[in-house]
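Residues per chain, in single letters:
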Amino acid sequence: MALTLNINGEDFEIDADPQMPLLWAIREKAGLNGTKFGCGIAQCGSCTVIVDGNAVRSCNTPVATAVGKSIRTIEGVSEGNDHPVQLAWQELTVPQCGYCQSGQIMSAVALLERNPEPSDNEIDKAMAGNVCRCGTYPRIRAAIHRAAELSKA
Amino acid sequence: MNDMNLTRRNFLKFSTSAAGGIMIGFHLPVMAEAATDGGAVEINAWLTIDPDNIVSIVTPQTEMGQGAFTAVPMMVAEELDIPWENVRHVFADANRHVNNNNLYTTTSTGGSTTVSRRHPYIMQAGASARERLRVAAANRWQVPLERVVAKQGFLTADHEEQGTIQGSYGEFAAEAAEITLEEEPAIKAYGDWWLLGKDVKRLDVPLKTNGTAIYPIDVTVPDMVHAAVQACPVPEGKLVSYDFDAVKDMPGVIAVVELEQTKDVPAFTDLRSAVAIVAESWYQAKNALAVMPIVWDNGRGASISYDSQTAEAMQLLSGPGTLLLDEDGNLGKNLDKGVNHEAVPGLIEASDRQVIGEVYSRPFETHATMMPPCAVADVKDDRVDVWTFTQDIARSLNEVADQLGRETTNVFLHQTYLGGGFGGGYNMDVHRQAAAISAAVGRPVKVIRSREEDIAQDSQRPPVWGNYKAALGEDGLPVALVTHFVGEEKMPVFSQRAVANMPYLVPNRRHEYSAVQNHIPIGYHRAPGANSNGFIVEQMVDELALAGDWDPLEWRIKMTEGNEPWQRVLMAMKEKSGWTTDMGGGEGMGCAVVESHGTIAGCVATVAVSRRGQLFVDKLQYFINSGYVIDPLVATEQAESSAIWELSHAMFGGLMLRDGRIVNTNFDSYPVMKMPDTPPEIEVHLEMSEDGWWGGLGEPAGPPTPPAVANAIFFATGNRVRSTPISKAEL
């Protein structure tokens with residue numbers, strides 16, 4: 001059926017089964033490939049996007065439930081790759097293979113928007129749904145603190 | 001420009017324009033040829049220089065987060081002597097490599113070898129280009145060659161009439177490309193470096209913070225369809241029948257394709273018996289495949305379980321194993337240096353200070369790379385284009401040509417970034433699947449393995465079981481030692497890594513091995529062999545030390561006397577870690593050292609165990625000697641990464657094999673380390689010998705991690721952890 005998705009402030013008219021996971025609508029229908037597939041059962045966080053301010057796993061979110069909401073993906077974080085989270089990620093060389101990092105960054109952006117100065121425990125809790133097989137967790141943790149500093153400046 | 005370039009440029013357009021018109025402005029990893037548009041000149045196959053003095057450097061190895069895409073340009077730039085900000089990195093052309101007598105020597109990316117083994121010829125390429133630029137300048141300026149200095153992108157000379165004259169590399173590139181050197185220059189020695197040895201950030205970092213790095217799963221070509229695949233849940237089993245009629249009317253479904261296995265028992269990269277559903281969307285293909293009735297012949301594997309393999313291993317361990325010999329029938333590496341192996345069992349039997357070890361074990365583990373295996377293939381009559389998960393682009397290109405019966409000249413395998421590798425990109429048949437399916441349906445196809453299919457079909461890390469017996473001398477140090485490690489039948493060699501080459505100076509040693517029946521495919525898995533065996537060897541060492549009343553760290557120092565690379569690591573552990581075996585209060589420190597990939601890596605772990613048995617790994621300290629290091633920042637990143645990788649498996653991992661199939665299906669039943677479990681402190685100390693040898697750095701910090709943690713648990717609780725996952729142990 002015909003659906004309208006608002007992704008990064010832009011309306012996308014797509015034709016999709018309403019039960020299709022939002023992930024595949026974003027990737028295959030809207031052509032935004034920054035959001036990744038990792039597990040399909042909301043256990044790894046590679047597919048994390050922000051819907052109405054909340055970090056959600058798009059791989060098991062039916063596309064119909066996202067209609068009328070504001071969807072943000074990695075492509076909408078900044079124009080110039082210069083959001084404080086992106087700058088902190090670059091400064092502390094967080095990504096290795098990089099595949100999970102779109103999801104990590106979206107979770108971090110959502111965290112900092114509701115809690116501008118999270119503690120280590122709050123970071124652990126907010127990021128617990130994002131798996132990184134390269135083990136970049138220590139750098140992610142440090143980079144979230146750094147992004148909080150950069151946001152204040 | 002030829003057709004190939006046009007096609008490649010189209011590919012880039014497809015991949016980026018689909019992403020909402022995002023233009024990748026930063027170091028776009030275009031193909032080498034594309035970089036020649038602005039008049040860039042190819043000096044040799046490794047680099048081009050454009051008129052603005054921008055140097056594009058080719059990396060034949062794959063980039064999976066380990067830094068090859070930065071290390072190779074660094075090594076070339078060091079010799080060429082060009083400012084780092086002028087360097088661009090480009091993927092190697094696999095077709096050019098394969099069809100020109102392996103132009104780049106090798107494209108294989110594993111074993112932590114990109115720097116350690118390949119630096120001589122990679123640096124040579126940069127040195128050769130620099131010398132040809134110098135000759136070009138000397139010729140044009142009519143000055144003696146020795147007066148021409150090449151530095152930071154410029155050629156300078158003192159001319160008798162014109163004084164100091166200067167020109168950029170770009171101005172001399174065309175002439176340099178025509179020059180043949182009479183003699184190739186030697187590469188620089190340590191101490192003469194200006195770039196190597198400094199912290200250099202990986203060039204691919206910015207692409208990986210805004211979603212623009214392209215992985216195989218992101219490649220889109222016109223008219224492409226999607227495929228979900230399933231092979232027999234019991235590996236080695238074969239497809240008997242399926243009922244496509246039951247699903248052919250489901251939304252989006254286009255076709256079913258049977259993937260035929262041509263060999264009875266396929267090699268690791270041969271196509272395995274499987275079935276694929278092709279649909280307009282991958283989601284539709286996966287849904288249809290999930291409900292299509294399929295009948296399998298499970299084959300011999302159906303009677304094999306981890307329990308049956310364990311029982312077989314215990315049986316084998318109760319008797320003698322096969323004496324480890326190399327291909328020439330001699331004792332293996334490091335075992336021929338005055339070591340007596342024949343009298344060992346008798347010496348132990350006659351001793352009144354015997355130490356008899358209990359059985360240790362490690363289970364199967366899987367790669368679970370964040371990107372599940374994926375490939376795109378576009379098979380046309382006159383050419384084949386492939387993008388795939390591979391750690392060796394040339395090998396995969398050859399395999400696609402083999403699969404389709406095509407000449408390699410018409411097969412183009414394009415490099416992308418990899419969503420993790422860890423060895424998983426070697427023993428893989430996803431590129432053959434994509435090629436076979438595209439050929440069958442006559443359209444480009446993207447194959448994505450579901451996570452469930454990935455874990456079921458991956459080439460797994462094999463299990464190992466091991467024990468030992470020893471006899472101690474009057475000083476409490478071992479005088480005789482027998483180890484017996486049981487691996488599995490497909491790659492039994494893994495059961496000896498880090499065992500047979502242990503450096504401890506036991507005068508009478510004997511290493512034996514056996515293998516259990518196994519049908520599960522086996523592959524390389526970040527420090528293969530050493531990753532599991534280190535857990536056993538380095539706990540054995542602690543047991544031997546304590547049995548002889550030695551401090552475990554002092555024992556290791558004593559038993560490696562005269563071995564400078566090990567001594568450097570061990571003395572650093574002693575001096576910098578705050579080492580003690582007596583923390584008290586439920587806390588403990590443990591140490592372990594494992595040599596792999598030519599690098600000695602030591603770990604000191606500090607743990608706390610609560611009264612209810614909950615384990616906290618508070619701190620991991622690493623002391624690493626790889627001889628030289630060219631990029632301490634990336635070396636540190638890789639140590640952190642290897643540490644968490646290995647701790648993840650030791651704490652939470654373990655595949656369960658039952659009735660021939662892997663029981664774990666996804667991250668819910670194969671848990672991996674997440675941020676809350678990550679040790680709050682990980683320190684990396686690079687303790688370099690800088691004395692003429694090169695070790696690898698992508699893997700070695702992993703293997704000492706589980707035994708250091710287990711040894712620390714012993715000092716915290718008095719309990720020995722003899723198997724993993726530790727999360728299931730009673731502490």
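Along every chain, residues carry numbers that run from 1 in the direction the sequence is written. Key to labels: chains lettered from A, ligands numbered from 1, both in the order written. pLDDT decides what is reported in this predicted model: residues at 70 or higher carry local features, side-chain atom pairs at 80 or more are listed and counted, and totals for whole chains, interfaces and linings draw on all residues regardless. Hydrogen atoms and water are omitted, and side-chain values are computed over all heavy atoms in the structure.

As annotated in an unreviewed UniProt entry, chain B carries the name Aldehyde dehydrogenase and is attributed to Sinisalibacter lacisalsi.

The name an unreviewed UniProt entry gives chain A is Oxidoreductase subunit alpha, with Sinisalibacter lacisalsi as the organism.

Topic: the pairing of strand β25 (residues 615-625) of chain B
Residues and elements named next belong to chain B. Relative accessibility under 20% of the residue-type maximum defines a buried residue, over 50% an exposed one, and the middle range a partly exposed one, all with a 1.4 Å probe and only protein chains included. The helix count covers DSSP runs of H or I at least four residues long, the strand count covers runs of E at least two residues long, and both are numbered beginning at the N terminus. Most of β25 sits out of view: 8 of its 11 residues are buried. Two strands are counted as paired when DSSP detects at least two bridges linking them. Of the pairings in the sheet, the one linking strand β24 (residues 599-609) to β25 comprises 10 bridges and is antiparallel in character. Counted as the bridge partner of Val609 is Leu615 from β25. Counting the residues in the hairpin turn of β24 and β25 gives 5 residues, including Gly613, whose phi is positive at 90 degrees. Here 6 bridges tie β25 to strand β28 (residues 681-686), and the two strands are oriented parallel to one another. In the strand pairing of β28, Leu620 is matched with Ile682.

Brief notes about the packing of aromatic side chains
Residues and elements named next belong to chain B. Between 30 and 60 degrees the pair is tilted, below 30 it is stacked and above 60 it is edge-to-face, where a pair is any two Phe, Tyr or Trp rings, Trp via its six-membered ring, whose centres lie within 6.5 Å. This model, assessed by the stated rule, comprises 24 aromatic pairs over all chains. For the ring pair Tyr426 and Tyr524, a centre distance of 5.6 Å and an interplane angle of 70 degrees mean the geometry is edge-to-face. One end of the pair, Tyr426, is in the loop between β18 (411-414) and α10 (430-441); the other, Tyr524, is in the loop between β22 (508-516) and α12 (530-547), and 98 residues separate them in sequence. The class for Tyr524 is partly exposed, based on a relative accessible area of 31%. Here the aromatic residues Tyr190, Trp193, Tyr628 and Trp694 are joined through ring pairs into a cluster of three or more.

Observations regarding the sheet that holds β18 of chain B
Remark on secondary structure: sheet strands pair via backbone hydrogen bonds, oriented parallel or antiparallel. Residues and elements named next belong to chain B. Here 7 strands make up an open sheet; going across it, the order is β10-β11-β8-β19-β16-β17-β18 and the pairing mixed. For this open sheet the edge positions go to β10 (253-259) and β18, each flanked by a neighbour on one side alone. Strand-to-strand twist across the sheet, computed as the mean angle between neighbouring axes with direction ignored, equals 20 degrees. Where strand β8 (residues 225-231) meets strand β11 (residues 274-279), 6 bridges bridge the pair, whose relative direction is antiparallel. In the sheet register, Val229 faces β11, and the bridge partner there is Ala276. It only takes one pair of heavy atoms within 4.5 Å for two residues to be counted as in contact. Note on geometry: axes are lines fitted to C-alpha atoms, helical ones only across the stretch in contact, with angles between N-to-C directions running from 0 to 180 degrees. Taken strand by strand, helix α9 (residues 393-404) contacts β16 (374-379), β17 (384-388) and β18, and its axis lies near 140 degrees from that of β18.

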